[in-house]
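Structural overview for review
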Amino acid sequence: MLNILVCVSGGGTNLQAVIDAVKDGRIRNTRIAGVISNNRSAYALKRAEENGIDAVCLSPKEFSDREAFNRAFLEKVNEYAPDLIVLAGFLVNIPPEMIRAYPNRIINIHPSLIPSFCGTGYYGLKVHEAALARGVKVTGATVHFVDEGTDTGPILLQKSVDVQPDDTPKSLQQRVMEEAEWILLPKAIDLIAAGRVEVVDGKAVIR
Ligand code: GRF
């Protein structure tokens, strides 16, 4: 059984996709041990509560400094003893000590085809604003392992989404979530739960 911990910051639609996929069997042999949010008002916390999943809020704002938050965050994560940490719309930088403690055991969903429109400052709507500003015809989403960079870890899955001529950042974000993110994240977790993923020479290999 793969024990997963999901980290969230906002609406939690990716968390919901994972919850639904565990329920309907698209994600096998997996248990959501808990949800951690940095944002007390995140609707994702309500989604966890509605599904009987243990959920806590740990906000950096409630700590004297970032080091104190990082220590508390890692302690809380360790309490869940996760096999896999899933960042689902999580907007807090993962402490290097957490990445070292969970090598190739943290995945993130990013709403673009990495290496496009990623890295510092590219999150949420900003990603789609940049894609529309550049005039790309195809965008999409990426699931990648988290390393000490920003959106730089080994790419596990990607899925493309066509940009429509009348797209706004909002309409594009919605379609990328529906047609890519909510499909890729459950698929990635199911592959990992099945033991079919390995990182070899910095590349994610699916067997
Ligand atoms: C969305 O922009 C999504 O693309 C990104 O995080 C944001 C919030 O996602 N991964 P969620 O609804 O909180 O899962």
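Before any of the text, the structure's been laid out above.
What this report covers is the structure whose coordinates are included nearby. These numbers were taken from a predicted model, which means no experiment stands behind them. (Residues numbered from 1 in each chain as written. Predicted model: local features only at pLDDT ≥ 70, side-chain atom pairs only at ≥ 80, totals over all residues. Heavy atoms only, no water.)

Quick look at unusual backbone geometry
Using the following cut-off: Comment: elements are numbered from the N terminus, with helices defined as DSSP H or I runs of at least four residues and strands as E runs of at least two.
Cis geometry is found at the peptide bond from isoleucine 114 to proline 115, where omega equals 15°. Take proline 115: it is sitting in the loop between β5 (106–110) and α5 (125–134). Residue asparagine 29 is not a glycine yet carries a positive backbone phi of 55°. Located in the positive-phi region is phenylalanine 117, a residue other than glycine, with phi close to 50°. Secondary-structure assignment places phenylalanine 117 in the loop between β5 and α5.

Some details on the packing of aromatic side chains
Defined as follows: Pairing of aromatic rings covers Phe, Tyr and Trp, the last counted by its six-membered ring, and requires centre-to-centre distances within 6.5 Å; plane angles under 30 degrees mean stacked, over 60 mean edge-to-face, and any other angle means tilted. Each residue gets one of three labels from its accessible area relative to the maximum for its type: buried under 20%, exposed over 50%, partly exposed in between, using a 1.4 Å probe on protein chains only.
The tally for this structure, following the rule as stated, stands at three aromatic pairs. On the basis of an interplanar angle of 70° and a centroid distance of 5.7 Å, the ring pair of phenylalanine 63 and phenylalanine 69 is categorised as edge-to-face. When its relative accessible area of 26% is taken as the criterion, phenylalanine 63 is described as partly exposed. Here phenylalanine 69 falls in the buried class, since its relative accessible area comes to 1%. Ring geometry for phenylalanine 73 versus phenylalanine 90: centroids 5.7 Å apart, planes at 45°, classification tilted. Remark: phenylalanine 90 occurs in the loop between β4 (84–87) and α4 (96–101) and phenylalanine 73 occurs in helix α3 (residues 66–80); sequence separation between them is 17 residues. For the pair formed by phenylalanine 73 and phenylalanine 90, the shared burial category is buried.

Description of the side chain of histidine 110
Our working rule: Pairing of N or O atoms within 3.5 Å defines a polar contact, subject to two protein rules: one partner must be a possible hydrogen donor and the other a possible acceptor, and residues neighboring in sequence count only if both atoms are side-chain atoms. By the convention used here, residues are in contact when the closest approach between their heavy atoms is within 4.5 Å.
Within the secondary structure, histidine 110 is located in strand β5. Side-chain polar atoms of histidine 110 contact the backbone oxygen of phenylalanine 117, separated by 2.8 Å. Sequence-distant contacts of histidine 110, defined by excluding residues within four places in its chain, comprise Phe117, Cys118, Tyr122, Val127, Gly140, Ala141, Thr142, His144 and Asp151.

Remarks on the site of the ligand
Cut-off, in case you're wondering: By convention in these notes, a residue is near a molecule or strand provided one of its non-hydrogen atoms lies within 4 Å of it. Using a 1.4 Å probe, accessible areas were evaluated by the Shrake-Rupley method; residue-level cover was limited to the displayed protein chains. The definitions used throughout rest on a 1 Å grid laid over the protein atoms alone, on which a cavity is an enclosed set of points accommodating a 1.4 Å probe that cannot get out and a pocket is an open set flanked by protein within 12 Å on both sides along at least five of seven lines; lining residues are those having an atom within 4 Å of a point. Assignment of a molecule to a cavity or pocket requires that more than half of its atoms lie within 2 Å of the corresponding grid points. Just so you know the grouping, Ala, Val, Leu, Ile, Met, Phe, Trp, Tyr, Cys and Pro go in nonpolar, Asp, Glu, Lys and Arg go in charged, and all remaining residues, Gly too, go in polar.
In the region of the ligand, the neighbouring residues are Gly10, Gly11, Gly12, Thr13, Asn14, Gly89, Ile109, Pro111, Gly124, Gln173 and Glu181. Contact distances for the ligand include 3.3 Å between an oxygen atom and a backbone N or O atom of glycine 11. Within the side chain of threonine 13, a nitrogen or oxygen atom sits 2.6 Å from an oxygen atom of the ligand. In isolation the ligand has 360 Å² of accessible area, and contact with the protein removes 89% of it. In a pocket analysis with a 2 Å cut-off to the grid points, the ligand is assigned to the largest pocket. Sorting the residues of the shell around the ligand by element identifies α1 (13–24) and α6 (169–193) as the ones contributing at least two each. Tallied by class, residues from the shell around the ligand come to two nonpolar, eight polar and one charged.

Function cannot be inferred from these measures alone, as they are strictly geometric.
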